[in-house]
Amino acid sequence: LPRWTHDGDQQQSSTLAESQRLCHFAFVILIRVGYTCLLRPAELLKLRVKDLRLPRSKYEPAVCVITLRDTKNKASSGRFQFSMITEPSLVSWLEWFTSNCPPELHLWPGSRKKFSNHFRRVLCRLGLSRLPLTPGCLSPGGATPCFSRRHNDRFAEIRKKIARGVIIGMLHAGSHVS
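Predicted model only: the values in this text are computed from it and were never measured.

Trainee: Please explain the overall build of the protein chain as it appears in this structure.
Mentor: Secondary structure assignment for the protein chain yields 6 helices and 3 strands. Counting helices and strands in the order they occur from the N terminus, the protein chain gives α-α-β-β-α-β-α-α-α. Pairs at least 24 apart in sequence give 54% of the contacts found in the protein chain among residues at least 6 apart. If you sum the accessible surface of the protein chain, you get close to 12,600 Å²; carbon and sulfur atoms cover 59% of it.

Trainee: Is there a simple way to explain the nonpolar core in this structure?
Mentor: The tendency in soluble globular proteins is for nonpolar side chains to be buried as a group. Counting residues in hydrophobic clusters, the biggest one holds 28 residues, and the most contacted among them are Val33, Leu47, Ile66, Ile85 and Leu94. Elements with a contribution of two residues or more to this core: helix 1 (14–37), helix 2 (41–46), strand 2 (64–69), helix 4 (88–98) and helix 5 (112–125). No other element matches the 7 residues that helix 1 contributes to this core. If sequence neighbours within four positions are ignored, leucine 94 has contacts with Ile29, Val33, Leu52, Leu54, Cys64 and Ile85.

Trainee: Help me out: how do you make sense of the pattern of salt bridges in this one?
Mentor: A side chain of one charge can pair with a side chain of the opposite charge when the charged atoms of the two come close. Taken as a whole, this structure holds 6 salt bridges when the rule is applied. Notably, a salt bridge pairs glutamate 104 with lysine 50, separated by 2.9 Å at the nearest N-O pair. With glutamate 104 in the loop between helix 4 and helix 5 and lysine 50 in the loop between helix 2 and strand 1 (52–53), the pair connects residues that are 54 residues apart, well separated along the chain. Given a relative accessible area of 37%, lysine 50 falls into the partly exposed group.

Trainee: Mind showing me how you'd approach the packing of aromatic side chains here?
Mentor: Aromatic rings considered in pairs are described by the distance between their centres and by the relative angle of their planes. Counted by the stated rule, this structure contains 8 aromatic pairs. Measuring from centroid to centroid gives 5.2 Å for phenylalanine 27 and phenylalanine 115, while their planes differ by 50 degrees, and the two rings are tilted. Of the two residues, phenylalanine 27 sits in helix 1 while phenylalanine 115 sits in helix 5, which places them 88 residues apart along the sequence. The class of phenylalanine 115 is buried, set by a relative accessible area of 1%. Ring centres 6.4 Å apart and planes at 65 degrees place the aromatic pair phenylalanine 27 and phenylalanine 119 in the edge-to-face group. Linking phenylalanine 27 in helix 1 with phenylalanine 119 in helix 5, this pair joins segments that are 92 residues apart in sequence. When its relative accessible area of 10% is taken as the criterion, phenylalanine 119 is described as buried.

Basis of the calculations
- Residues numbered from 1 in each chain as written.
- Predicted model: local features only at pLDDT ≥ 70, side-chain atom pairs only at ≥ 80, totals over all residues.
- Heavy atoms only, no water.
- Helix = DSSP H or I, 4+ residues; strand = E, 2+ residues; numbered from the N terminus.
- Contact = heavy atoms within 4.5 Å.
- Areas by Shrake-Rupley, 256 points an atom, 1.4 Å probe, with all protein chains shown as cover.
- Core = buried A, V, L, I, M, F, W, Y, C linked by side-chain atoms within 4.5 Å.
- Buried < 20%, exposed > 50% of the residue type's maximum accessible area, 1.4 Å probe, protein only.
- Salt bridge = Lys/Arg side-chain N within 4 Å of Asp/Glu carboxyl O.
- Phe/Tyr/Trp six-rings, centres within 6.5 Å; stacked < 30°, edge-to-face > 60°.

This is the structure in structure tokens:
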């Protein structure tokens, strides 16, 4: 691809600009997929178009099932594992991004190092370069809201049980008093 020359002339083609846009879109979408599906960086970067089961018609729910192949824990969990994306906006982005792509195409158009470098550049632009964040933070980062939702739901159930118990206790105590 043509690039900048030493004499300062711009010889950058639209192909290079399109390639950079593709890389940015892929990065943003994959960051969200990794966070939402609790994926390790290696699992995220292995994803291909054929690993996504997207809605085939507008009448199907906006859900994407992802097939994870040869994960880190395949010895105990099996060669294939699955994750599900239920956020309609992310499913729509994946549909748009992968439309007309061959099934064997990797969603990330580069190496693991290129992904890590892109991650660092984004952190710098956001003013977060001093934080010790890596692509490996996606999985536990995404787990936090999942845990919080479950924890809050359990806490709410416990509060309801306690409240019922207190009310029942008050009713029983009231029935003994005449």
